[in-house]
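If you want the building blocks of each chain, they are given just below.
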Amino acid sequence: MSHKSPKDFFAPLAVGAPAPLREIPARPSRAIHFFDPSNPKMAAKVPAMVGTVDVLLGNLEDAVKADNKIAAREGLVEIAKSTDFGPTQLWTRINSLDSPWVLDDLITLVTEIGDKLDVVMVPKVQGPEDIHYVDRLLAQLEAKGGVQRPILIHAILETARGVANVEEIALASPRMQGISLGPADLAADRKMKTTRVGGGHPGYLVRQDPVDGDIHGNRTVFQQDLWHYTIAKMVDACAEAGIYPYYGPFGDITDVVAAEDQFRNAFLLGCVGTWSLHPKQIEIANRVFSPSVEDIKHARRVVKAMGDGTGAVMLDGKMEDDASLKQCLVLVELAEELAAIDPKLKELYDAIEIED
Ligand SMILES: C[C@H](C(=O)SCCNC(=O)CCNC(=O)[C@H](O)C(C)(C)COP(=O)(O)OP(=O)(O)OC[C@H]1O[C@@H](n2cnc3c(N)ncnc32)[C@H](O)[C@@H]1OP(=O)(O)O)[C@@H](O)C(=O)O
Ligand SMILES: [Mg+2]
């Protein structure tokens, strides 16, 4: 349910505000790197991180102490004003819409750094009404601040009602850029019995049938993915709306192996990127969310073999047809976008040779 009729869905919501986009650009966003602008050590690292990560996100919400909320907001303004972000996007996560800080977050950020801010991430979104509120307020502030291009909105999927409404959230505004899974708040809201921030749980498993009826015998167990349903529902809602799904935080910073597993699960399910909470997670995210040389070589071979894009062919003993061609085109187009901003990837992808 939109707050606009289809006729005026793309009309600005305030006189003087920039016209909404008709299509959300697929800018690379493999890693959305969170930093606390009130943390001097993290803030000092931002300029050197430009170009090494696709998105830098100045976080104002959870993980920023209540005493530091104003310092974080002011710190982000200072960082934005003093940094040339080049190809790197600048996002922020504002405080929750019921917090005492969010109105000043939006007024300050949009009127002071609106032209440098690409995306506003909104936490704890419950339904389209939350997006409608931010949509209209952003338009008014863009007009007030003379912002020249529309600031986009990214919702965090971290409440049970938000999951129930995810399709309407995705379609709620032409500003919607994407949606991220927020596993910690969502687990708490659902009363899931896990205290982990993303990833699996050793108690969530399926067990091999007993051998010869011996239920206490040696039976292989397979740990299951707690987040499969929610990520898949989020991906469907984003695909329907033409916006982008992301995995969110992986809190076990030291377990880089399980972080890679969780990121790859999300990549394979259709997510385009993930959050990174620590510098060591950026490399993992960039690697996982950039298609491998093998995948790109195969995809390009399918595109070549499929000619006009219709019918079916056999390639390496596997059937390729109109549908698998579309899957391959997703990878080929992603590779082109990433190669445009990542020289190392460009070198890898350009070196791929396809036999005639
Ligand atoms: C739960 C969901 C969320 O809300 S997740 C998003 C909110 N959380 C965060 O944003 C966490 C951000 N990360 C951190 O605060 C820190 O990484 C840490 C507290 C987890 C660990 O910090 P520290 O102990 O300092 O780690 P190290 O000593 O290993 O740090 C080494 C070095 O790196 C610097 N550093 C650390 N983190 C960052 C960062 N994010 N960006 C830039 N630099 C960072 C650190 O300062 C050290 O610097 P030095 O070498 O100069 O000392 C929720 O939404 C849901 O799921 O619902
Ligand atoms: Mg959260």
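Rules used throughout
Residues numbered from 1 in each chain as written. Chains lettered and ligands numbered in written order. Predicted model: local features only at pLDDT ≥ 70, side-chain atom pairs only at ≥ 80, totals over all residues. Heavy atoms only, no water. Donors = N, O, S within 2.8 Å, 3.2 Å for Na, K, Ca; no water. Helix = DSSP H or I, 4+ residues; strand = E, 2+ residues; numbered from the N terminus. Buried < 20%, exposed > 50% of the residue type's maximum accessible area, 1.4 Å probe, protein only. Domains from an automatic or database assignment. Contact = heavy atoms within 4.5 Å. Buried area = accessible area lost by both parts, 1.4 Å probe. Salt bridge = Lys/Arg side-chain N within 4 Å of Asp/Glu carboxyl O. Polar contact = N/O pair within 3.5 Å; in protein donor to acceptor, adjacent residues only side chain to side chain. Nonpolar A, V, L, I, M, F, W, Y, C, P; charged D, E, K, R; others polar.

## Let's talk about the coordination of the magnesium ion (ligand 2)
Line of reasoning, step 1. Only E158 (OE) and D185 (OD) from the protein reach the magnesium ion (ligand 2) as donors, at distances of 1.8 to 2.1 Å. On the criterion of sequence distance, the pair formed by E158 in the loop between strand 5 (152-157) and helix 5 (160-164) and D185 in helix 7 (residues 183-190) is long-range, its members being 27 residues apart.
Line of reasoning, step 2. We classify E158 as buried; its relative accessible area is 3%.

## Description of the domain arrangement of the protein
Line of reasoning, step 1. You can read the domains of the protein as domain 1 (6-289) and domain 2 (294-350).
Line of reasoning, step 2. Placing a centre on the C-alpha atoms of domain 1 and another on those of domain 2 gives a separation of 28 Å.
Line of reasoning, step 3. Across the boundary between the two partners, domain 1 contributes five residues, which contact six residues of domain 2.
Line of reasoning, step 4. Interface of domain 1 and domain 2: buried area, both sides summed, is about 540 Å²; carbon and sulfur atoms make up 65% of it.
Line of reasoning, step 5. The interface formed by domain 1 and domain 2 holds one salt bridge in total.
Line of reasoning, step 6. Where R30 meets D342, a salt bridge forms, and the shortest distance between an N and an O atom there is 3.3 Å.
Line of reasoning, step 7. For the pair domain 1 and domain 2, the interface holds one residue pair in polar contact (both at pLDDT 80 or more).
Line of reasoning, step 8. When grouped by side-chain class, the residues that make up the side of domain 1 that touches domain 2 number three nonpolar, no polar and two charged.

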